[in-house]
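Tertiary structure, described
Below are the chains, spelled out letter by letter.
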Amino acid sequence: MTADPNKLTKKLETGTPGILFCLDKRDDSSLIHCGCSDGKVYTFDLSEEKQAGKPMEGHTSYVTGVALAGKHLVSGSFDCSLIWWDLETGKPIRTIKDAHARWIRGVKASPDGSFVASVADDMVCRLWDPESGKLLRALQGHELQTPHHYPSMLYACAISSDSKLIATADRVGHIVVWEAESGRSLATLEAPVMYTWDPTQRRHSIGGIRSITFSRDNKLVAVGGIGKIGNIDHLDGPSRIEVFDWQAGERTHEFSHDKLKGLVETLAFGPDDAWLVASGGDHGGFIQIYDLKEKKAIKEEKAPMHVHDMLLSADGTSLCTVGHGRVATWELKEATA
Amino acid sequence: MLRAFQRILLCAAACGIWGIAAAAPAEDLLPADRPIPEVVDHYIDAELQKREIKPAAQASDNEVIRRITLDLAGRIPTVAEAQAYVQSSDPKKREQLVDRLLGLPDFALHHRNELDQLLAGNDRMEGSWRDYLLTACQENRPWDVMFREMMLSEEGQTSPGALGFLKSRAKDMDRMTGDTSSIFFGVDITCAKCHDHPLVSDWLQDHYFGMQSFFSRTYLTKANFVAESDEGDVKFKTTAGETKSAQLMFLTGTVVTEPAPPQRTDEEKKQRKEELAKLDEQKQPHPAPQYSRRAALVDLALQPGERDFFARAAVNRVWHRLFGWGLVNPVDQMHSGNPPMHPELIDWLARDFIEHGYDLKRLIRGLALSQAYSRSSIWLEGERPDRDLFAVANVKPLTPRQLGVSLDLASRNQAAMPVAGDDKWKDFITGRESRAGRFTAWVEVPNEDFQVSVTEALYFSNNAEIVNEFLSSANDRLMSQLTGQEDREAALQAAAWNTLSRPFDAEELQLFKNYLAQREDNLPAAWQQVLWAVLTSPEFRFNH
Amino acid sequence: MANRRANFCGSEDHLIHRRGFLGAAAAGAFAANMGVLNVLQSPTLASELKRQQKHVILLWLAGGASQLETWDPKPGHDNGGPFRAIETNVPGVHISELLPKMAQRMHTTCLIRSLNTRNADHGGGAELMERGRRDEPTVKYPDLGAIIARELGRPDSEVPDYVSMYTTSEGRRKGSAGFLGARYAPMFLDKELMPANIRRLEQISDLDHQQRGELRQMLGEKFARGRGSHSVDSHNGAYKRVRGLMASEKLFDVSLEPQKYRDAYGPTQFGEQTLVARRLIEAGVPFVKVARGWWDSHGQNFETHLELVTELDHVMSTLIDDLEARGLLEHTLIITLGEFGRTPRINPSLGRDHFASAWSASLTGCGIKGGAVWGKSSPDGMTVVDGEVGAGELFATIFQALGIDHKKDYFLGSRPIPLTNPGIEPIRDVLA
């Protein structure tokens, strides 16, 4: 069963309470765990027709990051706290109340289970021991304020497949690649087009890098956001992706889509890094798949909702997207008889 | 807070019937063949005599020519014009002056600007609008014809300029109804709070919504054409809570019966919608309806028995323009609760206006020839009489364009300029008028109880444009004639005639001579300050 | 209590002579016509007057700020958004966590959470909230600044009485004196922080500038005699004020302000303009409007409010502290207000749209009962459940806080027009 992005088809679609900002799932499981705007973490079983969603309560604001780590699920929220959940009982087993000084934007778990990373608007990426919850390291490489003197946001982080590297990206388009073990900054990259500052008409900013991911071979870093916007009252700008060879410090790909407007909220590389999936939206949603060798779009589709997060299976044949009031799953393969 | 709806009823109630005070019977009016100025003075003076009020004396010749030239040609007189008039002893010189000015291209330009301000105000209009108005003014097109053009011109490949009136209001039905009623009929039907009478019956709602009904099917297409649907009604809720469909009712209470709108199936409606959408894509106008409510309004409003609103409103506005105060004030409160002080006069003028084909130029001419119009604006003895009596003239602020053109002429070396009325004059004055448009940014448009803002004063005090344009010593400028002139008094009087259309008096001469004597060290600068002081004085700024 | 000048109604039919408002102290210096006694002749009177003088700083949140991300948070509800509510130094009062500094200063401020103004388009909403009522076809109402300029300004003032700053181009609105006339129109700053035409041109000496003004004035006064025209008088009046206004140029020059205050207000344009506002009212300008555009977050409401509310929190707190330190807070009314609020419902771009059915405004300082909260919106923020008020009530409250009788009449021709429409009452619960 090989993945074929040309055969992208929607499988399942279901309405959900609130806005789902993040998800995690094991590759071999049909359960997905999603962070929701109502402060709950919902578990959906994708093998079931009807999706009720089992809620876990504990956060007091938007849950913006969830990551499976060992036996537990770790979630992060705008309430600045991280919660470790026992998935059997559905109860929090650990709550770190002020894990960050400001709003948490994402949580990711290293594949080897050695740490959990969280990013927040205090512009710090914190690494935590998944077992003990101890703070291992704090990575500081992003400015607290934008060049226009406003508080900045640290939206996205990614961990390499070998758990050795971390990448973080912020509001003004600044990207840092870190060595996880030492906390050393290995490289910095810039994608300033993702940040629009309007000095004359509306005098504030919009945008920022909202998604970041390593290629499977860890050589490339892809970031997603939105291109330059004229009217910053709306997400009225081309969706935008930039890919970098982070070691060489060079940009390898640039994709800007005028018709599918809005934020690229989530990215994933396909098997062998042959293609890249990007999803996001404005009032609506989109999925775009790019052939990285040809540097062309394979798929440019509307999604049923503004997508906030997605997970591509290891073999690249199935995709799960969550977002504004909906879950949608997709297949990227030949339809089996 | 009173809802808009309730306020309408309050006002309407107090207005009693929507009718105007019944026009005086024809037998009581002066005969129709009398000249306009004679009639004006007859009625104005009659009222003054009744109250034993002696009107102000006639303004001086200098004041008269300045006032008339500003009102008819939109500018101050040239030195040659002013001196010729003052020095002439021809008993008919006033009539000759008026006729000469009405024959200049200046008249059409200024008349166009006045109509533009009336009809468009501060709205941003397409260029074709002003072009339409200018042509109409140049042809002295009758006011009823212009009304018809503004209401009913057909859309085509290029949209007729006349439709600008509707276009700028097409997205706001209340405004379209209210403005048409106010501007063309002198009736603000959304007036409120001017009366304290209690609410009356549904009859009055019928009037308001009746007027709106004439416009309710009008809309702007996606391709920006004016269009009118052939169906749709205005519905409203009565004070009793009942929902009614409005009839087509004019201000007089007359109801228009219209044919039933076409009945369409859902399929037909869908098809029609698609057809219209296609026209939008092709940038084509929508088809005209079989029956047009707007046309019904225009036809009715100009019929005998109905057209008094139209005629009286126009007469009152033209009167207001020349006298600075209407026969009825405010000019859009022409109803029985607000009667004019000279009812026979407005009746006579309205009748005359109708009978002579709604000729605006003729009306302007007639008013400008009256004695009432040419009274002095100075009143020194005791309290100034009520403006309604027209015993003394009103001071009127110059419009931004009048001011712009006048500043230019006043600061020019007029020997180096075409003579008013000769073949080079038209291009010259058209250019000046066009350039004067920029003053709309700094100078307010005249309105009731007009006041000058500090923005204007600062602009004239500190902006380089004023110095560079009006106070420069280039050969085409007045300044070049003043500095270096040995005979200071002659220079001062030249400046006075250029700017104020009169000589300085002894006091003023002394003031300026003293000032110049102090400034021997830098006479060019001193002359600039003298010229500046005159150009920024209220005598220049106002029409008096 | 300082007496107000008798109202000059501007109508020829209703000529009311001005009275010197210091009564007996000014006996013998009465003006018989349009001139007004110059109070500044007496230094003690002048400083006394300055201290009693009231001012308004209107922080205009252009585009419509979200009440849910500022003064009326709804945490725990679907409509509440991600930002939480925090306690303030007034027990029982919670505001958005985006306003931590204001949370420590709620004892100076009262909130009105129950505005229902029904006008959710920028033009109509702005007109309504600028004037306290919508214009009628025959009546163009003056906006708040013009009224305050009229009520609290002085006729011979050397400083402008109404300054309005609106530097972002979106939705830019100039302000209008309506039927009060251009005398009360604002000194309007848009692209520059310095008013236009306020500096003497280099090519003219100061002496010449002054002397030609005097020449002009002599001609002007001579002409005005017997004309009976308030328009002519306003013309002379406008020019009389020119030199004084030119002298106020330095008020707009922030470089004259000690660096520590410039740093305190922060490096943003809004901070700088608010500092200018403080300088202006300190010099006696009765009304300054600082518009902060543009809050219209149809998309990305939370990100935008994160930026803008953080700035508002900082700038407003700095202003309050600054005024308090100068003894001016009790004489200054600070208002935060926009044309409407934002929808409780969050759209898929994570934005909020226009909403006028249940939104908030704040009043700080002069005449206000600090810490008071008037009105309640429903838990979902969709409706007002208690204490519904409109623009009129808000304006009546503002006038009363400043010691201005909201029922007094202006005259348009001979028609009396009260400052607020009949039947409107101020919100007494928030008045000191």
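1. Concerning the overall build of chain B
- A tally of helices and strands in chain B yields 25 helices and 8 strands.
- The C-alpha atoms of chain B give 26 Å as radius of gyration, which agrees with the globular expectation for 544 residues (24 Å, within 12%).
- Along the longest, intermediate and shortest principal axes, the C-alpha atoms of chain B span 90 × 60 × 50 Å.
- Taken over 544 residues, chain B has a buried fraction of 57%.
- In chain B, the proportion of contacts linking residues at least 24 apart, taken out of those at least 6 apart, comes to 72%.
- Summed over its atoms, the accessible surface of chain B is roughly 22,700 Å², and 49% of this surface lies on carbon and sulfur atoms.
- Each charge class in chain B was averaged separately, 62 positive and 80 negative side chains, and the resulting centres sit 3 Å apart.

2. Some details on the overall build of chain A
- Regarding its fold elements, chain A presents 0 helices and 28 strands.
- By its C-alpha atoms, chain A is 50 × 50 × 35 Å across when sized along the principal axes.
- Expressed as a percentage of the 337 residues in chain A, the buried residues total 61%.
- A sequence separation of at least 24 residues applies to 48% of the contacts in chain A between residues at least 6 apart.
- Carbon and sulfur atoms form 46% of the exposed surface of chain A, whose accessible area is close to 13,000 Å².
- The distance from the centre of the 38 positive side-chain charges to the centre of the 46 negative ones in chain A is 3 Å.

3. Focus: the side chain of Thr43(A)
Residue and element names in this part refer to chain A.
- By secondary structure assignment, the location of threonine 43 is in strand 3 (residues 41–45).
- Taking the relative accessible area as the measure of exposure, threonine 43 reaches 13% and is therefore buried.
- Within the structure, the side chain of threonine 43 is placed 3.0 Å from the side chain of histidine 33, a separation counted as a polar contact.
- Here threonine 43 is in contact with Leu31, Ile32, His33, Gly53 and Lys54, once residues within four sequence places are set aside.

4. Regarding the domain arrangement of chain B
- Split into domains, chain B comes out as domain 1 (134–301) and domain 2 (397–543).
- Centre-to-centre, using C-alpha coordinates, domain 1 of chain B lies 47 Å away from domain 2 of chain B.

5. Regarding the interface of chain A and chain C
- With 37 residues of chain A in contact, the opposing surface of chain C contributes 35 residues.
- A combined buried area of about 3,000 Å² lies between chain A and chain C, and 54% of that area is made up of carbon and sulfur atoms.
- Our count for the contact surface shared by chain A and chain C stands at 2 salt bridges.
- Applying the counting rule to chain A against chain C returns 22 residue pairs in polar contact (both at pLDDT 80 or more).
- Only strand 1 (8–24) and strand 18 (204–207) of chain A provide two or more residues apiece to the side of chain A that touches chain C.
- It is strand 18 of chain A that provides the largest number of residues to the side of chain A that touches chain C, a total of 3 residues.

6. Examining the interface of chain B and chain C
- Contacts between the two partners involve 56 residues from chain B, matched on the other side by 56 residues from chain C.
- Overall, the association of chain B and chain C removes approximately 4,800 Å² of surface from exposure, summing both partners, and the carbon and sulfur fraction of that is 58%.
- Taken together, the connections running from chain B to chain C amount to 4 salt bridges.
- As a salt-bridge pair, Glu507(B) and Lys222(C) come within 2.8 Å of each other at their nearest N and O atoms.

7. Comments concerning the packing of helix 14 (residues 308–323) of chain B against helix 16 (residues 360–368) of chain B
All names here are of chain B.
- Where helix 14 contacts helix 16, the axes come no closer than 10 Å and their chain directions differ by 45 degrees. Judged by the angle between their axes, helix 14 and helix 16 are oblique. When the axes of helix 14 and helix 16 are compared, the crossing they make is right-handed. Of helix 16, the residues touching helix 14 (which contributes Val315, Val318, Trp319, Arg321, Leu322 and Phe323) are Leu360, Leu363, Ile364, Leu367 and Ala368.
- Split by residue class, the contact of helix 14 with helix 16 holds 10 nonpolar, no polar and 1 charged.

8. Looking at the packing of aromatic side chains
Residue and element names in this part refer to chain B.
- Following the criterion strictly, the structure yields 36 aromatic pairs over all chains and no others.
- With centroids separated by 5.4 Å and ring planes inclined at 75 degrees, the aromatic side chains of phenylalanine 323 and phenylalanine 390 adopt a geometry described as edge-to-face. Separated by 67 residues along the polypeptide, phenylalanine 323 in helix 14 and phenylalanine 390 in the loop between helix 16 and strand 7 (396–397) bring together distant segments of the chain. Take phenylalanine 323 and phenylalanine 390: they sit in the same class, and that class is buried.

9. A closer look at a negative patch on the surface
- Residues Asp266(B), Glu267(B), Glu268(B), Glu274(B) and Glu275(B) make up a contiguous surface patch of negative charge.
- Summarising the element assignment, Glu267(B) is placed in helix 12 (residues 266–281).

10. Structural notes on helix 6 (residues 230–240) of chain C
- Within helix 6 of chain C, 8 of the 11 residues are buried, leaving the element largely enclosed by the surrounding structure.
- Among the residues of helix 6 of chain C, those classed as buried are His230(C), Ser231(C), Val232(C), Ser234(C), His235(C), Asn236(C), Ala238(C) and Tyr239(C).
- Tucked into the core, helix 6 of chain C has its buried residues touching helix 19 (454–462), helix 24 (523–535), helix 25 (538–541) and strand 8 (542–543) of chain B together with helix 5 (206–224) and helix 7 (242–247) of chain C.
- At the N-terminal boundary of helix 6 of chain C, the capping side chain belongs to Ser229(C), with an oxygen 3.2 Å from the backbone nitrogen of Ser231(C).

11. Some details on the pattern of salt bridges
- For the structure shown, the criterion picks out 94 salt bridges over all chains.
- Among the salt bridges present, the one from Lys50(B) reaches Glu47(B), with a minimum N-O distance of 3.6 Å. Taken as a pair, Lys50(B) and Glu47(B) lie in helix 2 (residues 36–50) at a separation of 3 residues, close to a single helical turn.
- A residue is classified by how much of its surface remains accessible, and Glu47(B), at 10% relative accessible area, is buried.
- In this structure, Asp352(B) engages Arg362(B) in a salt bridge whose closest nitrogen and oxygen atoms are separated by 2.4 Å. You can see Asp352(B) sitting in helix 15 (residues 343–355) and its partner Arg362(B) sitting in helix 16, a full 10 residues away along the chain.
- Through salt bridges with shared partners, a single network forms among Arg502(B), Asp505(B), Glu507(B), Glu508(B), Glu539(B) and Lys222(C).

12. Section: the side chain of Arg292(C)
- Here Arg292(C) lies in strand 7 (residues 287–293).
- At a separation of 2.8 Å, a polar atom in the side chain of Arg292(C) contacts the side chain of Tyr150(A).
- Excluding residues that lie within four positions of it along the chain, Arg292(C) makes contacts with Tyr150(A), Arg202(A), Arg203(A), Trp60(C), Leu61(C), Ala62(C), Phe270(C), Leu308(C) and Glu311(C).

13. Describing the sheet that holds strand 10 (residues 116–120) of chain A
All names here are of chain A.
- In spatial order, the strands read 9-10-11-12; together these 4 strands make up an open sheet with antiparallel pairing. Among the strands making up the open sheet, the edge pair consists of strand 9 (104–109) and strand 12 (135–140). Each adjacent strand pair in this sheet contributes to an overall mean axis angle of 20 degrees, direction not counted.

14. A few points about the nonpolar core
- In this structure, Trp143(B), Phe184(B) and Leu349(B) are the most contacted members of the largest nonpolar core, which totals 242 residues.
- The two domains that each donate at least three residues to this core are domain 1 (134–301) and domain 2 (397–543) of chain B.
- Setting aside chain neighbours within four positions, we find Trp143(B) in contact with Leu115(B), Leu118(B), Leu119(B), Met150(B), Phe184(B), Phe310(B), Ala314(B), Phe353(B), Tyr358(B) and Leu360(B).
- Of all hydrophobic cores here, the second largest spans 54 residues; its members include Leu128(C), Leu144(C), Ile148(C) and Ile335(C).

15. Considering the arrangement of the chains
- Between chains B and C lies the most contact-rich interface of the 2 pairs of chains that touch.
- Of all C-alpha pairs spanning chain A and chain B, none lies closer than 20 Å, and the two are not in contact.

16. Notes on the sheet that holds strand 14 (residues 165–170) of chain A
Residues and elements named next belong to chain A.
- Spatially, 4 strands are ordered 13-14-15-16 in an open sheet, and the strand pairing comes out antiparallel. The open sheet has two edge strands with one neighbour each: strand 13 (154–159) and strand 16 (185–190). The mean inter-strand angle of the sheet, taken between neighbouring strand axes irrespective of direction, is 15 degrees.
- Bridge count between strand 14 and strand 15 (residues 174–179): 5 bridges; the pairing is antiparallel. Among the inter-strand pairings, leucine 165 is bridged to a residue of strand 15, identified as glutamate 179.

Rules and cut-offs
Residues numbered from 1 in each chain as written. Chains lettered and ligands numbered in written order. Predicted model: local features only at pLDDT ≥ 70, side-chain atom pairs only at ≥ 80, totals over all residues. Heavy atoms only, no water. Helix = DSSP H or I, 4+ residues; strand = E, 2+ residues; numbered from the N terminus. Rg over C-alpha atoms; globule rule 2.2 N^0.38 Å. Buried < 20%, exposed > 50% of the residue type's maximum accessible area, 1.4 Å probe, protein only. Contact = heavy atoms within 4.5 Å. Areas by Shrake-Rupley, 256 points an atom, 1.4 Å probe, with all protein chains shown as cover. Lys, Arg positive; Asp, Glu negative; His and termini not counted. Charge placed at Lys NZ, Arg CZ, Asp CG, Glu CD. Polar contact = N/O pair within 3.5 Å; in protein donor to acceptor, adjacent residues only side chain to side chain. Domains from an automatic or database assignment. Buried area = accessible area lost by both parts, 1.4 Å probe. Salt bridge = Lys/Arg side-chain N within 4 Å of Asp/Glu carboxyl O. Axes fitted to C-alpha atoms, helices over the stretch in contact; angles between N-to-C directions. Parallel < 35°, antiparallel > 145°, perpendicular 65-115°, else oblique. Left-handed = near helix turned anticlockwise from the far one by under 90°. Nonpolar A, V, L, I, M, F, W, Y, C, P; charged D, E, K, R; others polar. Phe/Tyr/Trp six-rings, centres within 6.5 Å; stacked < 30°, edge-to-face > 60°. Patch = residues over 30% accessible without salt bridge, like charges linked within 9 Å, V, L, I, M, F, W, Y side chains within 5 Å. Pairing = 2+ DSSP bridges. Core = buried A, V, L, I, M, F, W, Y, C linked by side-chain atoms within 4.5 Å.

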